[in-house]
Amino acid sequence: MSETATESTAQELAAEVGRLREEVAAALRLARHAADRGEIENLFNRYMYLHNAFQDERIIPLWVKEGTEGIRARYTNAGQYTTWESVTRYHRGRPSPEGKLILHATTTPVIEVAADGETAKGVWIMAGTESGLTDPEVAAAFPDMYSPREVQGKKVWAHWVWCKYAIDFLRQDGEWKFWKFRCYELARAPFEENWVSFGEKNQAAFDLDLMYFGDDGKPVFMPPADEPVPSQNHPYSPSTVQKLEPEPPAPYDHFTDTFK
């Protein structure tokens, strides 16, 4: 074989090795991206399983560690929480009253992992049911919430509920964690009433900071927020037009704060 042919073969082999290296690197990036997406979806689903079973204390380790800059949570128009202590307070001491049911099922995820692999964004839609029992004297203050019949001498609240979620995730110590969390309650209605008429009567309720009903059936409200919300949630109303909120995330390279 001539020297020229040998040089040509070496160049071809070098080019082929270079091409294969690029393909392997691209395949590894794609595999890492797919694994990240699966880990993020599992993280949020694990949150919902725990929340449905009133095991919120076990949700706290799913959040970024204490001292992480930029942590944030928001559930209503009443305000948002911006410290690790105030964010995780939502999950502390949550009761599991007899007769109470929460069943939130999430669907329609759009998840984007940043090209740098350090953050990710996701949106979900949730459809669920919530129900429980309340002493009649407590229920008298919230008459629209309850069903006409009593069970075990108590008033029944049994609601359909629909929400949307927009969440930013941060990779910490090799694991994905909740970093910025926003819940948009879209609509709810008692089992015996449609969401259109209930929404017309109860628009102001979406701005309240009700957290849950306690063991005695009494309402427990959110702790005071750290700061006002920078923008309002717009729940369903028969008098308004639906908006695209949150905007589903698009592919991105580095973190920008889009779920404000």
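Just above, that's the structure.
The present account deals with the structure reproduced in this document. (Residues numbered from 1 in each chain as written. Predicted model: local features only at pLDDT ≥ 70, side-chain atom pairs only at ≥ 80, totals over all residues. Heavy atoms only, no water.)

1. Examining empty space enclosed by the protein
Inspection of the entire model under this criterion finds 2 cavities of 30 Å³ or more. Within this model, the largest cavity holds a volume of roughly 50 Å³. Along its surface, the largest cavity is lined by Arg72, Arg74, Gln80, Ala166, Asp168, Lys180, Phe181, Arg182 and Phe259. Sorting the residues of the lining of the largest cavity by element identifies strand S1 (72–76), strand S6 (154–172) and strand S7 (175–190) as the ones contributing at least two each. The leading source of residues in the lining of the largest cavity is S7, at 3 residues. (1 Å grid on protein atoms, 1.4 Å probe; cavity = no way out; pocket = protein on both sides within 12 Å on 5 of 7 lines; lining within 4 Å. Points joined across faces, edges and corners; volume = space filled by probe spheres on them. Helix = DSSP H or I, 4+ residues; strand = E, 2+ residues; numbered from the N terminus.)

2. Considerations on the nonpolar core
Within the largest apolar cluster, 35 residues are counted, with the highest numbers of intra-cluster contacts made by Phe44, Tyr165, Phe169, Phe178 and Phe181. Put simply, the parts of the chain that give this core at least two residues each are helix H1 (3–52), S1, helix H2 (84–89), strand S3 (101–113), strand S4 (119–134), S6 and S7. Every residue in contact with Phe181, bar those within four places of it in the chain, is listed here: Phe44, Tyr47, Trp63, Arg72, Ala73, Arg74, Tyr75, Tyr165, Ala166 and Ile167. (Core = buried A, V, L, I, M, F, W, Y, C linked by side-chain atoms within 4.5 Å. Buried < 20%, exposed > 50% of the residue type's maximum accessible area, 1.4 Å probe, protein only. Contact = heavy atoms within 4.5 Å.)

3. So, the environment of Lys164
Tracing the backbone through its elements, the reader meets Lys164 in strand S6. In the structure, Lys164 is positioned 119 residues away from Asn45 in sequence and 14 Å away in space, judged by C-alpha atoms. Setting aside anything within four residues of it in sequence, one finds Lys164 in contact with Trp124, Ile125, Arg182, Cys183, Tyr184, Lys243, Glu245 and Pro246. A polar contact is formed between the side chain of Lys164 and the backbone oxygen of Glu245, at a distance of 2.4 Å. (Polar contact = N/O pair within 3.5 Å; in protein donor to acceptor, adjacent residues only side chain to side chain.)

4. Structural notes on the pairing of S7
Burial runs high along S7: 14 of the 16 residues are buried. As paired strands, S1 and S7 are joined by 3 bridges and run parallel to one another. Residue Ala73 lies in a different strand from S7, and its bridge partner there is Phe181. Direction of pairing for S6 relative to S7: antiparallel, over a ladder of 14 bridges. (Pairing = 2+ DSSP bridges.)

5. Some thoughts on the side chain of Ser86
Its place among the elements puts Ser86 in helix H2. Assessed through its relative accessible area of 4%, Ser86 is described here as buried. Residues in contact with Ser86, not counting those within four places in the same chain, are Tyr81 and Asp226.

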